[in-house]
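What the coordinates show
What follows is the residue order along each chain.
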Amino acid sequence: MKDIIESGKTALGIEFGSTRIKAVLVDEKGNPIAQGGFGWENQYVDGIWTYSLDMIWKGLQSAYAELLENVKKEYGAVITSVGAIGFSAMMHGYMAFDKDDNLLVPFRTWRNTITEEAASKLTKEFGFNIPQRWSISHLYQAILNGEEHVKDVTFFTTLAGYIHWQLTGEKVLGIGDASGMFPIDSASKDYNKEYMAKFDKLMEAYDYSWNLGDILPRVLVAGENAGTLTEEGAAKLDISGNLKAGIPLCPPEGDAGTGMVATNSVAVRTGNVSAGTSIFAMVVMEHPLNGCHEEIDVVTTPVGDDVAMVHCNNCTSDINAWAGIFKGFSEEIGHPVDTDTLYTTMFKAALKGAPDCGGLAGFNYFSGEPVTGFAEGRPVFVRNINADFSFANFMRFNLYSAVSTLKYGLDILFKEESINIDKFYAHGGFFKTKEVGQRIMSAATGGAVTVMETAGEGGAWGMAILSLYMMSGNEKSLSDYLNDIIFEGQEGETITASPEEIEGFDRFMGIFKATLPIMKAAVDTLRD
């Protein structure tokens, strides 16, 4: 293994998640060799969810440095080169730069729900759903707000696009990540020209020197070469100074695309769900949607096929908050428990609860949730006086709550739009405890849910696989490459919820929909 590493016969994937930056090194068959990571959190500054540039670079360098340390410790090897590198990150958001490459306003992440006016107007103008978190919504909202910086914009991109640009000098983006900036035409594998013309028409009322096409990153599909690591880029990534310039990079992608790769769900009629701080599900469609639904995005796979996506801002944050309460209690009574034991106990207890949670209800909204129409979040728990308030039911409620808004959107996709899937894969922290998260998700979707052995490697591993795919020379389609080489012989573990569990979740959803006014009252009345 030392010879493989030091000869550069590896691929590196690095992904910027919402709470962790992770780097994964793989061999030529996609097997993980080593990894490194860095924990970080967004900051709420002046009404904006953001990450500072200093933290972005500190996080990248720290995650890579930890990977180097692990490689040296495990194999006695020093990395000076790799076969290819790929960067991915949280999709959407807004990073705008001027002609001198200065960031004009702090990075506005996907988590912000401050673009309702812009998203609504663009959706109406295009006849195509433009969610609040999309980059074009952020740009248009800044225009509607009369923000001074907009006139100076010469380039705007996503977090992955920014990192890739800084390390290669190339202003490009993988098509999956680009589809979260602006709508994509899956036939041309580029931005939708009809919608671009409509946007530029809107801009005629303003005195800007740019057209939209001037400031968007160039679109690339999986397998294409997206530039090479510069001397400056190598120094920014590897503070040890050992990494050499000239390494090829694949197109930077969003976490949706890497999730599809990590779960082998890039083919038509496959779907996957990623559940962590946020939760989103994607289904590769065999036919377009019949209507425009604000609950459903249309993005693409890394090769440009249309994907229906239900994205929810909230998933496990409220579970984590309750874990803190239980941990504090255990310490107060003199029997502290470690974190793994705590979460395993909480999750396993949920399976002992009633299929409908015994009448418990509420919302896990730490931040706004556009799928159900909320610009702000307030975690809410409510129960009737005759509800069965047990620990098992309470934990089942928390797990249901984590995926209930996703189910709200998926029901539209499956029941109203008649979109079909043959396989549904899952990955993310929600599925870490064996069986539990899978069974809950199966109850929500009404079908089988599969977790692959490699799903725990996550998006950084998926990005490393996209790097390998570029190295392979594109002799196969991405789907065939994944099936024949990366996932050959892997079946994964599949779980199907019982009819009683599926029916129970449907009853819970009836209460969920009926109590939405309680959520509205919480937002309206609970103020800082």
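Heads up: the structure comes first, above all this text.
Residues numbered from 1 in each chain as written. Predicted model: local features only at pLDDT ≥ 70, side-chain atom pairs only at ≥ 80, totals over all residues. Heavy atoms only, no water.

Notes on the overall build of the protein
Within the protein, the secondary structure is distributed over 18 helices and 22 strands. For the protein, the C-alpha atoms occupy an extent of roughly 65 × 60 × 45 Å along the three principal directions. For the protein, buried positions account for 58% of its 528 residues. For the protein, restricting intrachain contacts to residue pairs at least 6 apart in sequence, the fraction spanning at least 24 positions comes to 72%. Of the roughly 20800 Å² that the protein leaves accessible, carbon and sulfur atoms contribute 48%. (Helix = DSSP H or I, 4+ residues; strand = E, 2+ residues; numbered from the N terminus. Buried < 20%, exposed > 50% of the residue type's maximum accessible area, 1.4 Å probe, protein only. Contact = heavy atoms within 4.5 Å. Areas by Shrake-Rupley, 256 points an atom, 1.4 Å probe, with all protein chains shown as cover.)

Some details on the packing of helix α3 (residues 116–126) against helix α7 (residues 193–203)
Where α3 meets α7, the closest approach of the two axes is 10 Å, and the angle between their N-to-C directions is 125°. The angle between α3 and α7 falls in the class oblique. Regarding α3 and α7, the two cross each other, and that crossing is right-handed. The segment α3 lies against α7, with Leu 122, Glu 125 and Phe 126 engaging Tyr 195, Lys 198, Phe 199 and Leu 202. (Axes fitted to C-alpha atoms, helices over the stretch in contact; angles between N-to-C directions. Parallel < 35°, antiparallel > 145°, perpendicular 65-115°, else oblique. Left-handed = near helix turned anticlockwise from the far one by under 90°.)

Description of the pairing of strand β3 (residues 32–39)
Note that strand β2 (residues 20–26) and β3 share seven bridges and pair antiparallel. Bridge assignment links Lys 22 to a residue of β3, and that residue is Gly 37. In textbook terms, the turn of a hairpin is the stretch between consecutive antiparallel strands, and for β2 and β3 this stretch comprises five residues, one of which, Gly 30, has a positive phi near 90°. (Pairing = 2+ DSSP bridges.)

What about the sheet that holds strand β1 (residues 11–16)?
Here five strands make up an open sheet; going across it, the order is β3-β2-β1-β6-β13 and the pairing mixed. Here the strands that pair on one side only, and so sit at the sheet edges, are β3 and β13 (253–254). Strands β1, β2, β3 and β6 (84–89) of the sheet are contacted by helix α2 (residues 53–75), whose axis makes an angle of about 145° with β3.

So, helix α5 (residues 159–168)
The buried fraction of α5 amounts to ten of the ten residues, a majority that puts the element mostly inside the structure. When α5 is considered as a whole, its buried residues turn out to be Leu 159, Ala 160, Gly 161, Tyr 162, Ile 163, His 164, Trp 165, Gln 166, Leu 167 and Thr 168. Following α5 by one or two positions, Gly 169 adopts a phi angle in the positive range, close to 85°.

Brief notes about the nonpolar core
Of all hydrophobic cores here, the largest spans 128 residues; its most connected members are Leu 139, Phe 199, Leu 212 and Phe 430. A total of eleven residues in this core trace back to one element, the largest contributor, which is helix α13 (residues 391–416). The contacts of Leu 212, once residues within four sequence positions are left out, are Ile 136, Leu 139, Phe 156, Phe 182, Met 196, Phe 199 and Asp 200. Counting 44 residues, the second-largest nonpolar core is a separate cluster that includes Ile 33, Leu 67, Phe 87 and Phe 107. (Core = buried A, V, L, I, M, F, W, Y, C linked by side-chain atoms within 4.5 Å.)

Comments concerning unusual backbone geometry
With a phi close to 70°, His 92 is a non-glycine residue in the positive phi region. Looking at where His 92 falls in the secondary structure, it is placed in the loop between β6 and β7 (95–97). Residue classification places His 92 among the buried positions, given a relative accessible area of 2%. Phi is positive for Ser 418, close to 55°, though the residue is something other than glycine. If you trace the backbone, Ser 418 turns up in the loop between α13 and β20 (423–427). Residue Ser 418 is classed as partly exposed on the basis of its relative accessible area of 44%.

Comments concerning the side chain of Thr 50
Mapping Thr 50 onto the fold places it in strand β5 (residues 48–50). Under the relative-accessibility criterion, Thr 50 is labelled buried at 7%. A distance of 2.6 Å separates the side chain of Thr 50 from the backbone oxygen of Phe 107, its partner in a polar contact. Not counting the four nearest positions on each side in its chain, Thr 50 is found in contact with Asn 42, Gln 43, Val 45, Pro 106, Phe 107 and Thr 109. (Polar contact = N/O pair within 3.5 Å; in protein donor to acceptor, adjacent residues only side chain to side chain.)

Some details on the side chain of Thr 109
Here Thr 109 shows up in the loop between β7 and α3. Those residues in contact with Thr 109, other than ones at most four positions away along the chain, are Trp 49, Thr 50, Tyr 51, Gly 93 and His 138.

Considering the packing of α2 against α5
Put simply, α2 and α5 touch, their axes get as near as 12 Å, and they point 70° apart. What the angle tells us is that α2 and α5 run roughly perpendicular. Packed against α2, whose contacting residues are Leu 53, Ile 56, Trp 57 and Leu 60, the element α5 presents Leu 159, Tyr 162, Ile 163, Gln 166 and Leu 167 at the interface.

Here we look at the environment of Lys 201
Within the element layout of this structure, Lys 201 appears in helix α7. As a C-alpha pair, Lys 201 and Asn 211 span ten residues in sequence and 9.7 Å in three-dimensional space.

Concerning helix α4 (residues 135–144)
Note: α-helices contain 3.6 residues per turn, so residues at a spacing of three or four share the same orientation. With nine of its ten residues buried, α4 lies for the most part within the structure. Residues Ser 135, Ile 136, Ser 137, His 138, Leu 139, Tyr 140, Gln 141, Ala 142 and Ile 143 constitute the buried set of α4. One or two residues past the end of α4 sits Gly 146, with phi positive at roughly 70°.

Here we look at the packing of aromatic side chains
Enumeration according to the criterion identifies 39 aromatic pairs in this entry. Ring centres of Phe 155 and Trp 165 lie 5.1 Å apart, and the angle between their planes is 75°; on these two criteria the pair is classed as edge-to-face. Pair noted here: Phe 155 is in strand β8 (residues 155–157) and Trp 165 is in helix α5, with a separation of ten residues, a long-range link. The exposure classification of Phe 155 matches that of Trp 165, with both residues buried. Three or more aromatic residues joined by ring pairs form one cluster here, namely Trp 322, Phe 326, Phe 381, Phe 389, Phe 391, Phe 394, Phe 397, Tyr 400, Phe 505 and Phe 508. Directly above the aromatic system of Trp 49 lies the positively charged group of Arg 111, at a separation of 4.0 Å from the ring centroid. Directly above the aromatic system of Trp 57 lies the positively charged group of Lys 236, at a separation of 4.8 Å from the ring centroid. (Phe/Tyr/Trp six-rings, centres within 6.5 Å; stacked < 30°, edge-to-face > 60°. Lys NZ or Arg CZ within 6 Å of the ring centre and 35° of its normal.)

Points about the environment of Lys 22
Within the secondary structure layout, Lys 22 lies in strand β2. Note: C-alpha distance between Lys 22 and Ala 460 (438 residues apart in sequence) is 6.0 Å.

Keep in mind these numbers describe shape, not what the thing actually does.
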